[in-house]
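Geometric and topological summary
Residues per chain are reported as follows:
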Amino acid sequence: MNGQIMINIWINEERFEKMREAGLSGMAQDMLAGMKVTRVKVSEKQKDILLSEFPMAKFDSSTTGTIELLPRKVKDEIFNLCLEKKSTGEDVIEAFILRVRNGRT
Amino acid sequence: MKLTGHGGKEVVERILPGGMAGSIISDMPELEVDTQTAHECIDIGYGFLSPLDGFMGSEEVDSVCEEMSLPDGTLWSIPITLEANDDTIRKKGFREGDEILLTYHRKPLAIMKTGEVFQLDADRVAGKIYGTSDPKHPGVRRTVSRKGKSISGKVILVGEPEFQPPFDRFWLTPRNHFSLYRDKGWEHVVAHQTRNVPHTAHEWPMKYCWFAANEDLSVEVPHTGVLVNAVIGEKRNGDYIDEAIILGQAELANAGYFRKDTFAVSFTLWDMRYAGPREAVHHAIMRTNLGCTHHMFGRDHAGVGDFYKPYDAHSLLKQVREQLNIKPVFMMENWFCPICSEVTSSGLCDHAATAQNFSGTLLRSMLIDGVQPTRQVMRPEVFQTVQAASDTYGFGSPFVTDSYLQNRGNVFKLADPRKEVSP
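Definitions and cut-offs
- Residues numbered from 1 in each chain as written.
- Chains lettered and ligands numbered in written order.
- Predicted model: local features only at pLDDT ≥ 70, side-chain atom pairs only at ≥ 80, totals over all residues.
- Heavy atoms only, no water.
- Helix = DSSP H or I, 4+ residues; strand = E, 2+ residues; numbered from the N terminus.
- Contact = heavy atoms within 4.5 Å.
- Areas by Shrake-Rupley, 256 points an atom, 1.4 Å probe, with all protein chains shown as cover.
- Lys, Arg positive; Asp, Glu negative; His and termini not counted.
- Charge placed at Lys NZ, Arg CZ, Asp CG, Glu CD.
- Domains from an automatic or database assignment.
- Buried area = accessible area lost by both parts, 1.4 Å probe.
- Phe/Tyr/Trp six-rings, centres within 6.5 Å; stacked < 30°, edge-to-face > 60°.
- Buried < 20%, exposed > 50% of the residue type's maximum accessible area, 1.4 Å probe, protein only.
- Lys NZ or Arg CZ within 6 Å of the ring centre and 35° of its normal.
- Salt bridge = Lys/Arg side-chain N within 4 Å of Asp/Glu carboxyl O.
- Polar contact = N/O pair within 3.5 Å; in protein donor to acceptor, adjacent residues only side chain to side chain.
- Nonpolar A, V, L, I, M, F, W, Y, C, P; charged D, E, K, R; others polar.

Across its full length, chain A carries four helices and five strands. Listed N to C, the secondary structure of chain A is β-α-β-β-α-β-β-α-α in terms of helices and strands. The C-alpha extent of chain A, read off along each of the three principal axes, is 35 × 30 × 20 Å. Here the analysis covers contacts within chain A between residues at least 6 apart in sequence; of these, 61% occur between residues at least 24 apart. Accessible surface, chain A: about 5,400 Å² in total, of which carbon and sulfur atoms supply 46%. With 17 positive and 16 negative side-chain charges, chain A shows a spacing of 2 Å between the two charge centroids.

The following block contains the structure:
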């Protein structure tokens, strides 16, 4: 863990094809036995907002430095925003939080 | 058939013969017990905790804490006690020699002949058993939270619990386990303790341990089996739901990843203490009472957080090896090696720099995202079974949620023999 907070989004074949079409396939990393993941950056402030909006989620501070147990639909929405913005940076989470606050997710 | 269990002692069932309970219990004072105690009553009644025939008194607790043995010298690592609050004991006036009806969900469970009523020094017990009094340790919290006084006494079940689907297909008493091995022709049985749905880093060690446990038995016809013995007990948010665990494990044989004549799935009612080394010894004892000859012990067996070193459990098991009637099979860390292209052990593979670790967190996150893992991570049939169990039993989740805790089906039900007695 290098201090950067992340959200892992698992990439299956269908999602990998969408990433390839968006020119983002290079952002998918091999993680485990053929499973790929794209890692979306989260700022400290964004982490606190996400944990407050989705109380079932947990921040794994000791091992992976990732936010886990986010609902599936949240992860789906974040993945779609990655495609839309062609990014896996904090701007994706900024846009997601805005949508949550506007009641669009 | 004589069933030889832990300490070389016979495994004895302690259950009232059918039809007798109604008249015996009708006027007994009652004590409602919690889930942990109900599980332990059933375990004692069937012999999972042999040679225990009841809840421990202060001398036994002291002996377990200080010597890791029962007063007669038999190896024992975890105190088994029954707690009741002071008000209840005072109001009911329980005294030594009284027979009490233990009830669970207001249904008769067991008769206990009261022995000693004593004050358990929970902080001292926690320190001895868990090696810490840190309240962050879930076992410490469990022990310290059991307020009131402890009551010792021999127990006898008033009837047999009725296990509900899907658990009824996997419920085997110690006697049933011994019969199963005889029917399958197993001379050696290696136990796999689990609270997980199986991924390939569980499956591969089970296969490795099948070879290890087979030792020098002939292989033309299998004489060795793998027994997956799931632990079913108190659940916490985020744990796998029990139904997904047991059905997912069974799917390994249904889908042919194990032959049906070398693999079986059952469960034990037990509330994990996460006591690391001492709990590993306890697991060895319970599986001895199921007739197993070998037991798998992985890295950080029954540990939690950073409370124990990865191989502390192995060290303690080696220290008490002569007192165990079961042979531990020790395993190192497993990983997926992209160069070997297989799940392997850190004791065999020399590609540590590129090893990919199976972490519970990663697997959890795949299942929550609903993204089907590759077959090198989780067998597709297991994944489908877990997803189906989520829909059928888990309110849409393979993990324990508030909805599951509040609304899940019963693992077992108790009949009320008092209703069978004519007024």
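Below, the discussion takes up the domain arrangement of chain B. All names here are of chain B. Assigned domains of chain B: these are domain 1 (6-160) and domain 2 (167-407). Here the C-alpha centroids of domain 1 and domain 2 sit 28 Å apart. In this complex, domain 1 contributes 37 residues to the contact, which on the side of domain 2 involves 35 residues. Both faces considered, domain 1 and domain 2 share a buried interface measuring about 3,000 Å² in area, 61% of it formed by carbon and sulfur atoms.

Once that is clear, we can look at the packing of aromatic side chains. Counted according to the given criterion, the structure contains 15 aromatic pairs over all chains. Ring centres 5.1 Å apart and planes at 80° place the aromatic pair W210(B) and F211(B) in the edge-to-face group. Residue W210(B) is classed as buried on the basis of its relative accessible area of 18%. Aromatic side chains F258(B) and F263(B) sit 4.5 Å apart centroid to centroid with 20° between the ring planes, which places their arrangement in the stacked category. The exposure class assigned to F263(B) is buried, which follows from its relative accessible area of 4%. What links up through ring pairs into an aromatic cluster is the set Y46(B), F48(B), Y104(B), F163(B), F167(B), W171(B), F267(B) and F412(B). The positively charged end of K36(A) is found above the aromatic ring belonging to F16(A), 5.4 Å away from the centroid. In this structure, K207(B) is placed above the aromatic ring of F258(B), and the distance from its NZ or CZ to the ring centre is 5.2 Å.

Moving on, we get to the interface of chain B and chain A. Chain B puts 19 residues into the contact, and the matching count from chain A is 18 residues. For the pair chain B and chain A, the summed buried surface comes to about 1,600 Å²; carbon and sulfur atoms form 66% of the total. Looking at the side of chain B facing chain A, the largest losses of area belong to I368(B), D369(B) and V371(B), adding up to 34% of the total buried there. The interface formed by chain B and chain A includes one salt bridge. Residue D369(B) pairs with K75(A) through a salt bridge whose shortest N-O separation is 2.8 Å. Counting across the chain B and chain A interface gives five residue pairs in polar contact (both at pLDDT 80 or more). Those elements that provide at least two residues to the side of chain B that touches chain A are β15 (356-357) and α12 (360-369) of chain B. Sort the elements by how many residues they give to the side of chain B that touches chain A and α12(B) lands first, with eight residues. Residue composition of the side of chain B that touches chain A, grouped by class: nine nonpolar, eight polar and two charged.

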